[in-house]
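Per-entry structural report
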Amino acid sequence: MSVIEYITNITPDTATADDVYQKVQGTRDGAIWTADWVLARCAEGRVFAANAGTVTTPITFGAGVIDEDEYDLHIAVPSNTTIGILSVDVVFEVVGTVALLEVMAKTGTGSTVGAGTAITPRNLRSDTPHTSNCTVTGSATVSSGVEITGAEFFRNCLGKTVTMATAGVNMASQPRKFTWNHKDAGYIPIVVGATGAACGVFAGAQAGQGFITVVYVEVPSTRIV
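1. Thoughts on the packing of aromatic side chains
- Evaluation of the coordinates by the stated rule reveals 6 aromatic pairs.
- Here the aromatic rings of Phe-61 and Phe-92 are separated by 5.1 Å at their centres, their planes lie at 70°, and the arrangement is edge-to-face. In this pair, Phe-61 is assigned in the loop between strand S4 (59-60) and strand S5 (62-63) and Phe-92 in strand S7 (residues 81-94), connecting sequence segments 31 residues apart.
- On the basis of an interplanar angle of 50° and a centroid distance of 5.8 Å, the ring pair of Trp-180 and Tyr-187 is categorised as tilted.

Next up, the structure:
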């Protein structure tokens with residue numbers, strides 16, 4: 001097996017060039033073995049999960065329709081920090097009496113979030129070498145924020161109004177979990193930190209309750225070209 005040397009950084013969390021040589025593995029013909037970028041950030045301790053609702057305690061979703069002033073999950077990204085959204089999961093545990101479900105997620109700028117529940121993002125590396133600089137809020141007060149100016153990157157729904165009392169067993173087989181992930185999408189929405197920069201997730205049902213999980217990678221903005 002060949003051993004190849006290349007110049008790397010002594011402080012990978014800031015990407016400062018210190019011209020230090022680091023050995024990498026490769027095949028005899030010189031092909032380098034490389035780790036997936038997201039896996040490398042997981043190993044570095046730069047990937048976080050934010051959960052709205054935990055264990056057996058769901059949050060209450062928007063009543064009936066999505067309201068972009070009301071965030072079911074809001075991730076505010078400060079200056080000098082950049083995040084990339086890796087996955088979004090929305091689970092409806094309760095849908096109310098009418099089964100019309102809708103989910104949406106978007107990124108952008110200009111947002112503010114109303115009063116809600118503070119959420120602590122958890123590092124997906126168990127020894128937590130880094131903590132998130134982002135402020136995460138769940139179950140924000142209805143229409144007390146300012147909507148994100150940006151792009152929707154995820155939308156899904158169960159687009160049929162069904163009265164639960166007459167739906168019978170058919171409703172039990174309908175999807176209650178809606179998922180977006182960067183592998184299937186082929187891209188990662190990037191939020192470069194600034195005042196109002198954020199990712200927002202919304203869920204609507206007649207009387208919906210459930211859980212939201214957003215997994216994101218977070219790095220200093222100096223590492224994003």
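Here the narrative resumes, following the displayed structure.
2. Topic: the confidence of the model for the chain
- Mean pLDDT for the chain: 85, with 82% of residues reaching 70 or above.
- Per-residue pLDDT stays below 50 along residues 7-16; that stretch engages in 26 contacts with residues further than four places along the chain or on separate chains.

3. Digging into unusual backbone geometry
- Positive phi values are uncommon outside glycine, yet Val-55 reaches one of about 50°.
- The topology assignment puts Val-55 in the loop between strand S3 (47-52) and S4.
- Judged by its relative accessible area of 78%, Val-55 falls in the exposed class.
- Of note, Ser-139 is a non-glycine position whose phi angle comes to about 55°, a positive value.
- Within the secondary structure layout, Ser-139 lies in the loop between strand S11 (135-138) and strand S12 (149-158).

4. With respect to the side chain of Asp-89
- Residue position: Asp-89 is located in strand S7.
- In this structure Asp-89 comes out as buried when scored by relative accessible area, which is 18%.
- Side-chain polar atoms of Asp-89 contact the side chain of Thr-179, separated by 2.6 Å.
- Not counting the four nearest positions on each side in its chain, Asp-89 is found in contact with Lys-177, Phe-178, Thr-179, Phe-211, Ile-212 and Thr-213.

5. Here we look at the nonpolar core
- Counting residues in each nonpolar core, the largest one holds 34 residues, and the members touching the most others are Phe-92 and Tyr-216.
- Elements with a contribution of two residues or more to this core: S3, strand S6 (73-76), S7, strand S8 (101-109), S12, strand S13 (177-181), strand S15 (198-205) and strand S16 (209-220).

6. Things to note about the pairing of S15
- Summarising burial for S15: 8 of the 8 residues are buried, a large majority.
- Residues of S15 alternate between two faces, with Ala-198, Gly-200, Phe-202 and Gly-204 on one and Cys-199, Val-201, Ala-203 and Ala-205 on the opposite face, all of them buried.
- Relative to S15, S5 runs parallel, the two being bridged by 2 bridges. Looking at the pairing, Gly-62 lines up with Gly-204 of S15.
- Bridge analysis of S6 against S15 gives 4 bridges, and the strand direction is antiparallel. Across the sheet, residue Ile-75 finds its bridge partner in S15, namely Cys-199.
- Relative to S15, S8 runs antiparallel, the two sharing 7 bridges.

Reading the values: the criteria
Residues numbered from 1 in each chain as written. Predicted model: local features only at pLDDT ≥ 70, side-chain atom pairs only at ≥ 80, totals over all residues. Heavy atoms only, no water. Phe/Tyr/Trp six-rings, centres within 6.5 Å; stacked < 30°, edge-to-face > 60°. Helix = DSSP H or I, 4+ residues; strand = E, 2+ residues; numbered from the N terminus. pLDDT = per-residue confidence, 0-100. Contact = heavy atoms within 4.5 Å. Buried < 20%, exposed > 50% of the residue type's maximum accessible area, 1.4 Å probe, protein only. Polar contact = N/O pair within 3.5 Å; in protein donor to acceptor, adjacent residues only side chain to side chain. Core = buried A, V, L, I, M, F, W, Y, C linked by side-chain atoms within 4.5 Å. Pairing = 2+ DSSP bridges.

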